[in-house]
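Structure at a glance
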Amino acid sequence: MAPALELPQAVAEKLPTKALSALGNGLASNIKLESTETHQRVLNVFRAFIADLCQQYGEGHGGSPMGMAAIGIALWKYVMKYSPTNCNYFNRDRFVLSNGHACLWQYTFLHLVGVKSMTLDQLKSYHSADPHSLCPGHPEIENEGVEVTTGPLGQGVANAVGLAMATKNLAATYNQPGHEVVNNMTWCIVGDACLQEGVGLEALSLAGHWRLNNLCVIFDNNNVTCDGTADVANTEDMNMKMRAQGYNVIDVPNGDSDIAGIINALVAARSSDKPTFINIVTTIGFGSAVAGTADAHGSAFGVEEVANIKRSVGLNPEQHHYIPQDVYDFFSDIPARGKSHEANWQAVVAKYEQEHPDLAKEFALRVQGKMPTDWTKCIPAKEEHPTSNVASRKSAYVITNNLGQNVNNFLVGTADLTPSVNVAYKNKVDFQSPDLRTSCGLNGTYAGRYIHYGIREHAMCAISNGLAAFNKGTFIPITSTYLMFHLYAAAAIRMGALQGLQQIHIATHDSIGVGENGPTHQPIAVAALFRAMPNMLFFRPCDAEEVAGAYIAAIEAKHTPSTLALSRQSLKQFPEFSKREGVLKGAYVFTEAQDSKDENDFDITLISVGSEIAYAMETRDILASEYNLRARVVSFPCHRLFEQQSREYKQSVLRPAAGKPTVVIEAYPSFGWERYADAGVTMNRFGKALPAKDCYEYYGFKPSKIAGQCKDLVEEVKANGIGSLRGDFREFNAPLTIGEHQ
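Position numbers for residues start from 1 in each chain and track the written sequence from start to end. In keeping with the model being predicted, local features are shown solely for residues with a pLDDT of at least 70 and side-chain atom pairs are shown and tallied solely at 80 or more, while totals for entire chains, interfaces and linings include all residues. Each side-chain value is worked out from all heavy atoms of the structure, with water and hydrogens disregarded.

**Focus: the overall build of the protein chain**
The following threshold applies: Strands are runs of DSSP state E lasting at least two residues, helices are runs of H or I lasting at least four, and both sets are numbered from the N terminus onward. The globule rule is 2.2 Å times the number of residues to the power 0.38, and the radius of gyration it is compared with is taken over C-alpha atoms. Here's how the labels work: a residue is buried when its accessible area is under 20% of the maximum for its type, exposed when over 50%, partly exposed in between, all with a 1.4 Å probe on protein chains only. Note on definitions: a residue-residue contact is assigned when non-hydrogen atoms from the two residues lie within 4.5 Å. Residue burial considers only the protein chains on display, and all accessible areas are found by Shrake-Rupley using a 1.4 Å probe. Positive: Lys, Arg. Negative: Asp, Glu. His and the chain ends are not part of the count. Lys charges are placed at NZ, Arg charges at CZ, Asp charges at CG and Glu charges at CD.
Looking only at helices and strands, the protein chain features 28 helices and 21 strands. A compact globule built from 742 residues should have a C-alpha radius of gyration of about 27 Å, and the protein chain, at 29 Å, falls within 12% of that. With the C-alpha coordinates of the protein chain rotated into their principal frame, the extents come out at 100 × 60 × 45 Å. Burial statistics for the protein chain: of 742 residues in total, 59% are counted as buried. Taking contacts inside the protein chain between residues at least 6 apart in sequence as the whole, the part at least 24 apart equals 78%. Per element, the accessible surface of the protein chain, about 27,900 Å² overall, is 50% carbon and sulfur. Distance from the positive charge centre (63 side chains) to the negative charge centre (76 side chains) of the protein chain: 5 Å.

Now the structure itself:
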């Protein structure tokens, strides 16, 4: 007879009244448990199978999956709401394995519950040389049943916060009395390391503040990290810490085998009034000779030890990768249950469509990942731009304001820089717990789409990955901070690029034009990082028209994050020259040389970007008036888009066959420009705390000086040929020598 599902006293004492009431109302009682003997059989087979998988190639992370086996049975068999035959069913519970090195745990349960692509042969491809394996060393979003890519510790739990936020926002926007079209949970497993990483702690703090009661953080508390036991670096009271951050905390002291206790804790989390933190004590490498030690973390156990693991639980040591039919039978009801979840949800949506047709129409578009309005109307026409000087952060605000007010897909957020980054759209409503009442009056609801992330740049971008991953296109997150502080968030931005998650990062204060704030705020090398990052679009628009082009490109890049580097200082506008269509190609001819008769009738090409275009245009005029030299100017707002153009287009912009010198003018390092230019007025050193105009002049961005340097270069090429510059990129601004101070 199946055991009764009873709540341990140690758990019950720490649960809120609402959760206890829910349990008493039958949420747990309608879960029918298999026998203890059956559970033990599945645990034994699962652990032996994991040991086998790691041993076949002599490596892998088997310890945590073996220790987490009982958690997996409780979650995948009994509690989590999902459909293994349709892993993208919209209202499914989301699951994130933040301690991604334990990926074999997730892959094996995906196989057992009936995800068709996760075959036994696929499981055996773990750590193999097969480039098409669906079992990479950490979970990857491209594979069926995996919500987000995890690996860098702490990122996954931050993603989970974003997934839970997405549910809250959709529910508050579209659910109506008697019609819950969105009500899923987010489950996230973490290890000791995720609770030490700053990004994880930043995100957990926000989830507690927002009272995301649809988030459950499951702590696989095995007290082991790579270096030894966790207390070599961490001795804090984690339960107390989580309570202080606004979590309901539940202890499960025997996570190795107490499946009923884990189920009760999970069911209570679904009914909680706060996010839930379940502290489950497990034994890493359970059943092996190195159980409970760091040796169980990331190494195979050895051929003889794997055999011993099998013998100890009555399995044949000569059988490898063996899953008996009775274990498959244990999970065999789950596909039908999943289809029932789908059918029930579709019935709810059908009734919703009848009673709330307008909302249902918009909701259907969101489910499809489409926008409910024509977003192109949010982009000002060229003739609507100002002609007087304006900072590009203010030009971007016009578009952000239109998108924020009119398109629900956009969630706009800032890392505590609302007064500076110009993203607070009119009539915004903040995303906040409805129960919160701040001292400054910045209150809101879960339907709000303006997000105060606090001073947590890393969590902001990692959470935005979760928002974007909830269902591609349903949300397009916009983050904002200074470009320099996006460097704090670079690891999360990289994860977004790796996963093909569409986001827009508004990065203001983009150059030495930050001025008096000085070198700590001047993002000298940040652009090089983002330009080098695969699947990332990095834009430096020069005026309002180029800002419009950058925004269009970012919105059209459905599988790519974009960073818009925007100025603090006012910029000259160039309505005669700037073109949004040129931005979409990455670089374009801003202006040809004066009085040129054909495409090769010029003396020099000046490449420039963003804030520095004005210096290039002034230099062009001085070259003409003082030296009788004809300069053409190329605007180069996005390297990656330019590299996607045809060879013919690229040559039409750069004109390499003309044999004329090219000089780049940008207040960033010359690194990377050697591909396109022969010389540069650049910044290969840190800046100074000077007003913007003075800072530029101090570092050689003075058109009269640049024109003289260009004149000398032209004369050298006329005398010696363009070949004299090859392999010798000229730095017009001398860099610091190694060790030299500012």
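**Structural notes on the packing of helix α3 (residues 36-55) against helix α6 (residues 103-113)**
In plain terms, the rule: Under this scheme, a helix contributes an axis fitted over its contacting stretch, all axes are lines through C-alpha atoms, and angles between N-to-C directions fall in the 0 to 180 degree range. Every angle not falling under 35 degrees, over 145, or within 65 to 115 is termed oblique; those three ranges are roughly parallel, roughly antiparallel and roughly perpendicular. Throughout, a crossing is termed right-handed when the near helix is turned clockwise from the far one, and left-handed when it is turned anticlockwise from it by less than a right angle. Residues are grouped as follows: Ala, Val, Leu, Ile, Met, Phe, Trp, Tyr, Cys and Pro are nonpolar; Asp, Glu, Lys and Arg are charged; every other residue, Gly included, is polar.
At their nearest, the axes of α3 and α6 sit 11 Å apart, and the two run at 120° to each other. Between α3 and α6, the angle is such that the two are oblique. Crossing hand, α3 versus α6: right-handed. Judged by residue contacts, F46, F49, I50, L53 and C54 of α3 engage L104, W105, T108, F109 and L112 from α6. Of the residues contributing to the contact of α3 with α6, the split by class is nine nonpolar, one polar and no charged.

**Observations regarding the sheet that holds strand β19 (residues 662-665)**
This is how the line gets drawn: Two strands qualify as a pair provided that DSSP identifies no fewer than 2 bridges between them.
With mixed pairing, six strands are arranged side by side in an open sheet as β16-β18-β17-β19-β20-β21. Of all the strands in the sheet, the pair left with one neighbour each is β16 (588-591) and β21 (730-731). Where β19 meets strand β20 (residues 679-681), three bridges bridge the pair, whose relative direction is parallel. Looking at the pairing, V664 lines up with G680 of β20.

**With respect to α6**
Among the 11 residues of α6, 11 are classified as buried, and the element is accordingly described as predominantly covered. Backbone geometry just after α6 places G114 at a positive phi near 110°.

**Comments concerning the pairing of strand β1 (residues 94-97)**
By the alternation rule, side chains of β1 split into R94 and V96 and F95 and L97, which are all buried. Of the pairings in the sheet, the one linking β1 to strand β2 (residues 186-190) comprises four bridges and is parallel in character. Note on β2: the bridge partner recorded for L97 is I189.

**A word on the environment of G178**
Along the chain, the position of G178 falls in the loop between α8 (155-174) and β2. Sequence spacing of G178 and T373 is 195 residues, and the spatial spacing of their C-alpha atoms is 27 Å.

**Some words on unusual backbone geometry**
The phi dihedral of N422 falls on the positive side, at around 60°, and the residue is not glycine. One can find N422 in the loop between α17 (418-421) and β9 (430-431). One non-glycine residue with positive phi stands out, namely N535, at about 55°. Mapped onto the elements of the fold, N535 is located in the loop between α21 (526-532) and β14 (537-539). In this structure N535 comes out as partly exposed when scored by relative accessible area, which is 28%.

**Some details on the packing of aromatic side chains**
Quick reminder of the rule: The rule is short: rings of Phe, Tyr and Trp, with Trp giving its six-membered ring, pair when the centres are within 6.5 Å, and they are stacked under 30 degrees, edge-to-face over 60, tilted in between.
By the definition in use, this model includes 38 aromatic pairs. For the pair F219 and F277, a centre-to-centre distance of 5.7 Å together with 35° between the ring planes defines the contact as tilted. Separated by 58 residues along the polypeptide, F219 in strand β3 (residues 215-221) and F277 in strand β7 (residues 276-281) bring together distant segments of the chain. Judged by its relative accessible area of 0%, F277 is buried. Among the aromatic residues, ring-to-ring pairing joins F46, W76, Y78, Y82, F95, W105, F109, F330 and F331 into one connected group.

**What about the layout of surface pockets?**
What counts here: We place a 1 Å grid over just the protein atoms. Points where a 1.4 Å probe fits but has no way out form a cavity, open points with protein on both sides within 12 Å along at least 5 of 7 lines form a pocket, and any residue with an atom within 4 Å of a point lines it. Grid points are joined across faces, edges and corners, and a volume is the space filled by probe spheres set on the points.
Taken as a whole, the largest pocket holds about 510 Å³ of empty space. In terms of lining residues, the largest pocket is bounded by 22 residues, among which S611, A614, Y615, E618 and K693 are the most central. Per element, the largest residue contribution to the lining of the largest pocket is six residues, and it comes from helix α24 (residues 613-627). Here the lining of the largest pocket is built from residues that sort into 11 nonpolar, five polar and six charged.

**Points about the side chain of T282**
The criterion, for reference: Two N or O atoms count as a polar contact when they lie within 3.5 Å, although within protein this holds only if one can serve as hydrogen donor and the other as acceptor, and sequence-adjacent residues are included solely when both atoms are side-chain atoms.
Secondary-structure assignment places T282 in the loop between β7 and α12 (303-312). Overall, the relative accessible area of 6% leaves T282 in the buried class. Separated by 2.5 Å, the side chains of T282 and D220 make a polar contact. Once residues lying within four places of it in the same chain are set aside, the contact partners of T282 are G67, I71, D220, N221, N222, G255 and D256.

**Section: the pattern of salt bridges**
Just so we agree on the cut-off: A pair is scored as a salt bridge if a Lys or Arg side-chain nitrogen falls within 4 Å of a carboxyl oxygen belonging to Asp or Glu.
Overall, the coordinates contain 29 salt bridges when judged by the stated rule. We note a salt bridge from R337 to D333, for which the minimum N-O separation is 2.9 Å. Judged by relative accessible area, D333 falls into the partly exposed class, the value being 32%. Between D621 and R620 there is a salt bridge; the shortest N-O distance is 3.7 Å. Judged by relative accessible area, D621 falls into the partly exposed class, the value being 43%.

**Quick notes on the nonpolar core**
Soluble globular proteins tend to pack their nonpolar side chains together in the buried interior. The cut-off we apply is this: Note on terminology: a nonpolar core comprises buried Ala, Val, Leu, Ile, Met, Phe, Trp, Tyr and Cys residues joined through side-chain atoms within 4.5 Å.
W210, L212, I463, I504 and Y551 are the most contacted members of the largest nonpolar core, which totals 111 residues. Per element, the largest residue contribution to this core is 10 residues, and it comes from α8. Setting aside residues no more than four positions away along its own chain, I463 makes contact with A158, V161, G162, M165, A203, L206, W210 and Y453. In terms of nonpolar packing, the next biggest core, distinct from the first, is built from 71 residues, I50, I73, A265 and A269 among them.

**Structural notes on the environment of L501**
Position of L501 relative to the elements: it lies in the loop between α20 (490-499) and β13 (504-508). Among the residues examined, L501 registers a relative accessible area of 0% and is labelled buried. Sequence-wise, L501 and A553 are 52 residues apart; in three dimensions their C-alpha atoms are separated by 15 Å.

**Side note on the confidence of the model for the protein chain**
Which entries qualify depends on this criterion: You can read pLDDT as the predictor saying how much it trusts each residue, on a scale of 0 to 100.
Here the protein chain averages 94 in pLDDT, and 95% of its residues register 70 or above. Contacts for the low-pLDDT stretch residues 1-27, under 50 throughout, to residues beyond four places or in other chains number 43 contacts.

**Some words on empty space enclosed by the protein**
Scanning the entire structure with this criterion turns up four cavities of 30 Å³ or more. Here the largest cavity defines a volume of roughly 130 Å³. Forming the boundary of the largest cavity are 15 residues, of which W76, Y82, D93, G145 and E147 lie nearest the centre. Looking at side-chain class alone, the lining of the largest cavity contains nine nonpolar, three polar and three charged residues. Roughly 60 Å³ of internal volume is contained in the second largest cavity. Along the walls of the second largest cavity sit V45, A48, F49, D52, K310, L315, N316, Q319, H321 and Y322, which together make up its complete lining.

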